[in-house]
Amino acid sequence: MANPANNSWTRRTPDRPRRRDIVITALLGLVVLFVLLASGTLDPSAWIAASLAFAALAFIYFLTAVTSVAPAQAAQSTVAPRPSEAESATAMLEKIVVPVLLIGPGGRIERANPAARAFLALGAEGGLLSTSLRQPRVLEAVSAALRGEPGSIVEYASIAPIESHVRAFVEPIRMPVAGPMPWRAMLVLADETSSKRAERMRADFLANASHELRTPLASLSGFIDTLRGPARDDEEARDRFLGIMREQTDRMRRLIDDLLSLSRVEMNEHMPPAGEADLCAIVRDVTDSLKPMAAVRSITLDLSITGDSALITGDRDQIYEVVENLIENAIKYSPDGARVHVTALGGCPRDDAEHPADRIAPESARLVLAGPPFDARQRYGVLRVRDHGGGIERRYLPRLSERFFRVDGQKSGPAAGTGLGLAIVKHIITRHRGGFAVESAPGSGSVFSVFLPQPALRPAQTVQAEPVTAGVATE
Ligand code: ADP
């Protein structure tokens, strides 16, 4: 803030110097008068000369007075008052992004920096630590520090409302206060949730990968032994075994691809994507690429796209993966010669996006596997994939997006699934702040729906085109 004294160093405002100037000027005037009287001349030229001499003397006096006062004033006005040590420490604590608290006698919060207030959701009044932090081991460590005992480090985890892992550092501090309780406890809370999650994901990945790869690897090594031993000269058995080995290696590759994809998605799930992608274009591309797979089993893909495009806020590659997983599943779990209906549309309100208006069967079960908070103004781009396969029993629906979950005894064609596809879909949709729902009835098939938030409509996009049904027959 500008200090008004800063730019007024040439002004001589204090009263005392001004009074002194007036007295000195008056004295100078008297000296001049005295000289005139003493010389006995009062002619005009002597008056003019005397007045000029008086003016020059007064001017010289003013100059010297101003320059002598100026440095003192400048020094006074440019140096801000020095903060005390306590004020500097407080200012520093306020800026630290790690939660730091000072706990006083009785476990009362005496000081808490903004990070601590946000972390523990403290009100304006700190109150008791035990009401904001229900961690007995941390409270015990704080009590010990308040008795002047050595500090300690306590780790704790909580699950609700969100999973968090914290390392609490507790240290006693002796305050320069009189009385029986000079000790305070300093509490620093280090949030280690992100690193713990990354650590667990790495461990999960290794555990899952080794567990899931063990079976196909064991089978491969069994076939290799057979081919080198009893089946060495059996040409027919050799071809059959090599075919199985090919399937097993394909399965291992799919597993590794899916596990890597799941890890990648989980890592950045908390960061919503910023780009835009056209859901309709993606659906067209995926359908084209899966035509050969459908054709092998004489399955028809019916594509129904409403409007030319449905822009969504999202990452194109991840949305491609979602669409591919859902259409691939519909093909895998349909009988040969069946039809799969793929619908894509934009501008859907939340309720319509979540479930199609018509049920696939009166007894069908519906479940939302992931859903964003309700927002009446938000419009969604929607993808629905309807198959006429065996359907899924109601009791299995909540488990569909669990990793490695597979419905027992389900036929899925030659390419056995990894049980990771729907888990990947759910994580991608959650990252996009979208929704994922399923409706199914055993014997009548299933509908998997995903809906993704659309950016605010621009004027050119507000006109809804008529539905266009593009039948893609791939028999
Ligand atoms: P997978 O690779 O096994 O297909 P997913 O995660 O995609 O893994 O699916 C999990 C399980 O859900 C599948 O194993 C299957 O039992 C069931 N499932 C998924 N999609 C369908 C579908 N369209 N119809 C019937 N069952 C399905």
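Conventions we followed
Residues numbered from 1 in each chain as written. Predicted model: local features only at pLDDT ≥ 70, side-chain atom pairs only at ≥ 80, totals over all residues. Heavy atoms only, no water. Pairing = 2+ DSSP bridges. Helix = DSSP H or I, 4+ residues; strand = E, 2+ residues; numbered from the N terminus. pLDDT = per-residue confidence, 0-100. Contact = heavy atoms within 4.5 Å. Core = buried A, V, L, I, M, F, W, Y, C linked by side-chain atoms within 4.5 Å. Buried < 20%, exposed > 50% of the residue type's maximum accessible area, 1.4 Å probe, protein only. Domains from an automatic or database assignment.

So, the pairing of strand 4 (residues 164–174): which residues are in play, and what are the values?
Across 7 bridges, the pairing between strand 3 (residues 152–158) and strand 4 is antiparallel. Its bridge partner lying in strand 4, Val-154 is registered against Ala-168. As defined by bridge partners, strand 4 adjoins strand 5 (residues 183–191) across 9 bridges and the pair is classed as antiparallel. Opposite Pro-172, over in strand 5, you have Ala-185 as the bridge partner.

I'd like a rundown of the confidence of the model for the chain, residues and numbers included.
With 81% of its residues at a pLDDT of 70 or more, the chain has an overall mean of 83. A low-confidence stretch, residues 1–15 stays under pLDDT 50, and its non-local contacts, those more than four residues away or across chains, total 21 contacts. Within the model, pLDDT remains below 50 along residues 459–475, and this stretch shows 34 contacts once partners closer than five positions in the same chain are excluded.

Describe the nonpolar core, with residues and values.
Considering soluble globular proteins, one finds that nonpolar side chains tend to be buried as a cluster. Counting 62 residues, the largest nonpolar core has Val-323, Leu-326, Ile-327 and Phe-436 as its most contacted members. The biggest single contributor to this core is helix 8 (residues 235–267), with 8 residues. A domain split of this core shows at least three residues from each of domain 3 (195–270) and domain 4 (272–475). Among residues more than four places away in sequence, those in contact with Val-323 are Leu-279, Ile-282, Val-283, Val-286 and Leu-383. Core analysis: the next-biggest nonpolar cluster, separate from the first, contains 22 residues, Ala-116, Ala-141, Ala-145 and Ala-185 among them.

Tell me about the pairing of strand 5, and please be specific about residues and values.
In the sheet, strand 1 (residues 100–104) pairs with strand 5 via 4 bridges, with the strands oriented antiparallel. Across the sheet, the residue bridging to Ile-103 is Ala-185, located in strand 5.

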